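The residues making up each chain are set out below.
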Amino acid sequence: QQQVKQSPQSLIVQKGGISIINCAYENTAFDYFPWYQQFPGKGPALLIAIRPDVSEKKEGRFTISFNKSAKQFSLHIMDSQPGDSATYFCAASDRPSGNTPLVFGKGTRLSVIA
Amino acid sequence: EAQVTQNPRYLITVTGKKLTVTCSQNMNHEYMSWYRQDPGLGLRQIYYSMNVEVTDKGDVPEGYKVSRKEKRNFPLILESPSPNQTSLYFCASRPGTGGWYEQYFGPGTRLTVT
């Protein structure tokens, strides 16, 4: 059973446009929601993360929107650039200690075209 | 430089020939884990270790072994590789066992089993 559902699988956006990637979860115990960015040939790296006590977190052009009642969260990339072309993974975790594996979505391959 | 290193980066082998993929981190992290990444399936955890001599199975442990004799090293062992283990493998570490910590990934090992 997939615990974090991510969509779309792939996304093509024009340079300067807004990229939006969505994730939905079922486990109401999840309380930490990071996004990881992976460039070709590299390992994933933390991009931005949010806790459910806030509905939005912004870092530069990247924003996480969080809807606790709908159990959904999304990544918005404003003014998308070709350098943003990568695979993005949403993830979730439910405990501050113990083995708390990050539960990853299946990933979204973003291509930003000029 | 703080990093997770993996070796080899690329490996082509034949069915049944034992192999080891090494992983080392220089950040004194307690928690280490191995993932495999497959198209359409995202990142799936194979094994994890919460500290020296403490290891446990993740979501897809069949056909793999690990050991954690030193804090910095966490090798992945395939005793008898099979073609369905052809994949991209990532080692990761984080400072604590809790899920809220940032996870640091290695550069990946692309394994092909023929």
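Refer to the structure printed above.
The following refers to the structure shown. (Residues numbered from 1 in each chain as written. Chains lettered and ligands numbered in written order. Predicted model: local features only at pLDDT ≥ 70, side-chain atom pairs only at ≥ 80, totals over all residues. Heavy atoms only, no water.)

Right, let's get into the overall build of chain A. Scanning chain A from N- to C-terminus turns up zero helices and 11 strands. For chain A, the N- to C-terminal ordering of α and β elements is β-β-β-β-β-β-β-β-β-β-β. Relative to the compact-globule value of 13 Å for 114 residues, chain A shows a C-alpha radius of gyration of 14 Å, a close match. Buried residues in chain A amount to 46% of all 114 residues. Considering only residue pairs separated by 6 or more positions, chain A has 54% of its internal contacts joining residues 24 or more positions apart. When the accessible area of chain A is evaluated, it comes to approximately 5500 Å², of which 49% is carbon and sulfur surface. Each charge sign in chain A was given a centre, from 12 positive and 8 negative side chains, and these centres are 5 Å apart. (Helix = DSSP H or I, 4+ residues; strand = E, 2+ residues; numbered from the N terminus. Rg over C-alpha atoms; globule rule 2.2 N^0.38 Å. Buried < 20%, exposed > 50% of the residue type's maximum accessible area, 1.4 Å probe, protein only. Contact = heavy atoms within 4.5 Å. Areas by Shrake-Rupley, 256 points an atom, 1.4 Å probe, with all protein chains shown as cover. Lys, Arg positive; Asp, Glu negative; His and termini not counted. Charge placed at Lys NZ, Arg CZ, Asp CG, Glu CD.)

Time to look at the nonpolar core. Within the largest apolar cluster, 25 residues are counted, with the highest numbers of intra-cluster contacts made by A:F33, A:W35, A:F73, A:L75 and A:Y88. For this core, the elements supplying multiple residues, two or more each, are β2 (10–14), β3 (19–25), β4 (33–38), β5 (45–50), β7 (62–67), β8 (72–77), β9 (86–92) and β11 (108–113) of chain A. With four residues, the single largest contributor to this core is β9(A). Non-local contacts of A:F33, meaning those with residues more than four positions away in its chain, are made with A:Y25, A:I48, A:A49, A:I50, A:P52, A:I64, A:F66, A:F73, A:A91 and A:A92. Counting residues in hydrophobic clusters, the runner-up holds 19 residues, among them B:C23, B:M27, B:W34 and B:Y47. (Core = buried A, V, L, I, M, F, W, Y, C linked by side-chain atoms within 4.5 Å.)

Right, let's get into the pattern of salt bridges. All names here are of chain B. Tallying each qualifying case throughout the model produces seven salt bridges over all chains. With a shortest N-O distance of 2.9 Å, K65 and E79 are connected by a salt bridge. Taken together, the positions of K65 in strand β7 (residues 65–66) and E79 in the loop between β8 (76–78) and β9 (87–94) put the pair 14 residues apart, joining distant regions of the chain. Among the residues examined, K65 registers a relative accessible area of 41% and is labelled partly exposed. E79 gets classed as partly exposed once you look at its relative accessible area, which sits at 36%. (Salt bridge = Lys/Arg side-chain N within 4 Å of Asp/Glu carboxyl O.)

It is worth spelling out the side chain of A:S74 at this point. Here A:S74 shows up in strand β8. Apart from residues lying up to four places away in sequence, A:S74 is in contact with A:I21, A:N22, A:W35, A:T63, A:I64 and A:S65.

The pairing of strands in a sheet happens through backbone hydrogen bonds and is either parallel or antiparallel. All names here are of chain A. Across the sheet, which stays open at both edges, the five strands sit in the order β1-β3-β8-β7-β6 with antiparallel pairing between neighbours. Both edges of this open sheet fall to β1 (4–7) and β6 (56–59), since each of them pairs with a single strand only. Taken over all neighbouring pairs, the strand axes of this sheet differ in orientation by 15 degrees on average, direction set aside. (Pairing = 2+ DSSP bridges. Axes fitted to C-alpha atoms, helices over the stretch in contact; angles between N-to-C directions.)

This part takes up the packing of aromatic side chains. In this description, an aromatic ring pair is defined by two values, namely the gap between the centres and the angle between the planes. Per the counting criterion, the structure on display carries 16 aromatic pairs over all chains. Seen in terms of ring centroids, A:Y25 and A:F33 are 4.9 Å apart; in terms of plane orientation they differ by 40 degrees. Their pairing is tilted. Taking 6.2 Å as the distance between ring centres and 70 degrees as the angle between the ring planes, the aromatic pair formed by A:F104 and B:F105 counts as edge-to-face. In this pair, A:F104 sits in strand β10 (residues 103–104) while B:F105 sits in strand β10 (residues 104–105), so the two residues belong to two different chains. Among the aromatic side chains, those forming a connected cluster through ring pairs are A:Y25, A:F30, A:F33, A:W35, A:F66 and A:F73. Sitting over the face of the ring of B:Y31, B:R94 holds its NZ or CZ atom 3.7 Å from the ring centroid. (Phe/Tyr/Trp six-rings, centres within 6.5 Å; stacked < 30°, edge-to-face > 60°. Lys NZ or Arg CZ within 6 Å of the ring centre and 35° of its normal.)

Further remarks concern the interface of chain B and chain A. If you look at the interface, chain B gives 23 residues, while chain A gives 24 residues. When chain B packs against chain A, the two sides together hide about 1800 Å² of surface, and 55% of this comes from carbon and sulfur. If you look at where chain B meets chain A, you find zero salt bridges. Counting every contact that joins chain B to chain A gives three residue pairs in polar contact (both at pLDDT 80 or more). Partitioning the side of chain B that touches chain A into residue classes produces 11 nonpolar, nine polar and three charged. (Buried area = accessible area lost by both parts, 1.4 Å probe. Polar contact = N/O pair within 3.5 Å; in protein donor to acceptor, adjacent residues only side chain to side chain. Nonpolar A, V, L, I, M, F, W, Y, C, P; charged D, E, K, R; others polar.)

On to the state of the cysteines, then. All names here are of chain A. Enumeration over the complete set of coordinates arrives at two disulfides over all chains. The disulfide partner of C23 is C90, and the S-S distance across this bridge is 1.9 Å. Looking along the S-S bond of the C23-C90 disulfide, the torsion reads about -95 degrees, which is the left-handed sense. Residue C23 is found in strand β3, and its partner C90 is found in strand β9; the two are separated by 67 residues along the sequence. The class of C23 is buried, set by a relative accessible area of 3%. (Disulfide = S-S within 2.5 Å.)

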